[in-house]
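# Overview (structure and organization)
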Amino acid sequence: MWIRRPDDIPSSEITDEKLYFNRRRFLVAAGVIGATGVGLLGCNSEAEGSNAAGSAADRVPAGSGQEPEDKPNTYEQITSYNNFYEFGTDKEDPKENSGGFHPQPWTVRVEGLCKRPGDYHFEDLIKPHKVVDRTYRLRCVEAWSMVIPWQGIPLAEMIKRFEPQPSAKFVAFTTVMRPSEMPGQRRPVLQWPYVEGLRMDEATNDLTLMATGLYGKPLPNQDGAPIRLIVPWKYGFKGIKSIVKIAFVDRQPETTWNIAAPDEYGFYANVNPEVDHPRWSQASERRIGEFRRRRTLMFNGYADKVSSMYSGMDLRRNY
Amino acid sequence: MSLLSRLKPVAFLLCLAPAAFLAWNFWGVTHDRPEALGANPIREAEIFTGLWTLRFLAITLAVTPVRELLGLGALAKYRRMLGLFTFFYACVHLSMWVGVDWFFDWKAMGGEIVKHKYILIGMTTFVLLLPLALTSTNAAVRRLGGARWARLHRLVYVCAITGTVHYLWAVKKDTFFPLIYLFVFAALLGFRLWEHYVGPIRLRSRSARRRPRSTRTTLAGGAAATDTRPLGDAK
């Protein structure tokens, strides 16, 4: 189990943003970027050899020792295989259909049970905080996963600024509603705009991130520009994208996929290999770029940081 | 020999095109074009082969209606080939799931079949396709006798429905395309049922088939069929 963040790892071990791309360029020069990115699919020995040499710095030890190492997915993979139904329901749709989306200028409305509600310009939202690097696993409910080097602001820090009242038990998020720029919103596949929510303790957990970039670049449109939620121990659909509203509320807010199929998608949506989804077994997953399935880890491998929040809860019922 | 009959080898090669396209891209993924099948090539290959199975099934079932509507008797010669290509793509689809997706993990696959209804109905569809493929030879038709053979092969409509429901249940939310397939199969089945219970539908009256009911007026408004030439596919 690992996460990479400044507090945990000596700065000498953190890859500089520019190096991501230098390494990429090196690999392109070596002619193996694809095979390296795709990892296990590159079964010829030449690609394997270069892979080890090219990306040794990227390798992070896995916790259990039983699973293969976690290696960040390529920028290409992270930006071409997306679930972002506002831009279409196929995995390639968000990349193809998000070109006309304008993530700037951007305003986020903060409202509800807090002392500092208001409309915050994107820059004002970000400026007071230090942008941190967080490389997290992302586990989709559809039983595939990636490892993504995000940049962003811990949500806990942002929330502190808004001074929520004690009565605020939940945080509710809303995606922008722009059918003119988001063709998927013109069809009622889901109830628009997309809404999500977290319990206050989940929202203020150390791991929870408001991501504004990946691989040292601003968040691409298809990945939820300009600001999105990352909750690495939950299934990907909890990570609401292109957020325009953050509300502090006293009741559990509605969430889009739960509205769409309540027996399939719960409010908690914690990654849990023991509780199967009606459509997908959750015991294993396919890491994008790998040939064989991996075992799925409880809370996506972040149990030590989050399981205490759910002690005593029936996770089979609260799926 | 009509032009249609002579074109059959060309059609055979065309039917292989999707498989060739997939093989070429799979080769690319493992060699010089890692993104040839997108970021999740295994999933992509499963969807691709599943969709082509349904498409070939629809094309197969369209042979008889098109033949009758347009009076293209020679089309009958294509039906068995297309049906077997449907089975071929179903086999590739299942092999992808067994050998690539689950890498022969029989225990896990057993669990998948029991736990997930879309996999159960997909598997059922494959099992139902088996007797149809096995009785596709001339010898099998002779052994069964034409009437029994025809009755057995009505199973193909069950396969069309279960296969499409497999697709419908597999998608997460956007059921637009599965419903299109369902509509197409319903129309094809509807055509046959109409013919069976009501009477022949013809766009070109001269090619109307000789049947007890063929004295009825056709939808095309023409007079009752008088052409009694045997069809190219006379058994």
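Residues numbered from 1 in each chain as written. Chains lettered and ligands numbered in written order. Predicted model: local features only at pLDDT ≥ 70, side-chain atom pairs only at ≥ 80, totals over all residues.

### With respect to the overall build of chain B
A tally of regular secondary structure across chain B gives 10 helices and 0 strands. Ordered by position in the sequence, the α and β elements of chain B form the string α-α-α-α-α-α-α-α-α-α. Sorting the 235 residues of chain B into buried and exposed places 23% on the buried side. Restricting to contacts in chain B with at least 6 residues of sequence separation, those with at least 24 account for 56%. (Helix = DSSP H or I, 4+ residues; strand = E, 2+ residues; numbered from the N terminus. Buried ≥ 20, exposed ≤ 12 C-beta atoms within 10 Å, placed from the backbone. Contact = placed C-beta atoms within 7 Å.)

### Considerations on the interface of chain A and chain B
A common way to express how large an interface is: the accessible area buried when the components associate. Every contact between the two is made by 24 residues of chain A and, on the other side, 16 residues of chain B. Taken together, the elements giving at least two residues each to the side of chain A that touches chain B come down to helix 2 (33-38) and helix 4 (75-80) of chain A. Among the elements that take part in the side of chain A that touches chain B, helix 2 of chain A stands out by supplying 4 residues, more than any other. Partitioning the side of chain A that touches chain B into residue classes produces 11 nonpolar, 6 polar and 7 charged. (Nonpolar A, V, L, I, M, F, W, Y, C, P; charged D, E, K, R; others polar.)

### Digging into the pairing of strand 6 (residues 195-199) of chain A
All names here are of chain A. Of all 5 residues making up strand 6, 4 are buried, and the element is well covered by its neighbours. Here strand 5 (residues 170-175) pairs with strand 6 via 5 bridges, running antiparallel. Of the residues in strand 6, the one forming a bridge with F170 is R199. (Pairing = 2+ DSSP bridges.)

### Some points on the sheet that holds strand 6 of chain A
All names here are of chain A. Taken in spatial order, the 5 strands of this open sheet run 2-1-10-5-6, and their pairing is mixed. Every other strand in the sheet has two partners, leaving strand 2 (118-121) and strand 6 as the edge strands with one partner each. Strand after strand, the sheet turns through a mean of 20° between neighbouring axes, direction not considered. Summarising the sheet, strand 5 and strand 10 (residues 243-249) pair through 6 bridges and their orientation is antiparallel. Bridge pairing links V171 to F248 in strand 10. (Axes fitted to C-alpha atoms, helices over the stretch in contact; angles between N-to-C directions.)

### Observations concerning the confidence of the model for chain B
Mean pLDDT over chain B stands at 87; residues scoring 70 or higher make up 86%. Predicted confidence for residues 212-235 of chain B stays below pLDDT 50, and this span has 41 contacts to residues more than four positions away or in other chains. (pLDDT = per-residue confidence, 0-100.)

### Observations concerning the nonpolar core
I148(A), V171(A) and F173(A) are the most contacted members of the largest nonpolar core, which has 59 residues in total. Considering each element in turn, this core owes the most residues, 5 residues, to strand 4 (residues 144-154) of chain A. By size, the runner-up hydrophobic cluster in this structure holds 28 residues, among which are F56(B), L75(B), W97(B) and A160(B). (Core = buried A, V, L, I, M, F, W, Y, C linked by C-beta atoms within 7 Å.)

### Quick look at the pairing of strand 11 (residues 284-287) of chain A
Residues and elements named next belong to chain A. Because side chains alternate across strand 11, one face comprises the buried residues E285 and R287, and the other comprises S284 and R286, none of which is buried. By the bridge criterion, 2 bridges tie strand 4 to strand 11 in an arrangement that is parallel. Bridging from a neighbouring strand, S145 pairs with R287 of strand 11. Bridge count between strand 11 and strand 12 (residues 294-295): 2 bridges; the pairing is antiparallel. Residue pairing across strands places S284 opposite R295, the latter belonging to strand 12. Taken together, strand 11 and the strand that follows it, strand 12, pair antiparallel across an intervening segment of 6 residues, in which G289 is found at a positive phi of about 100°.

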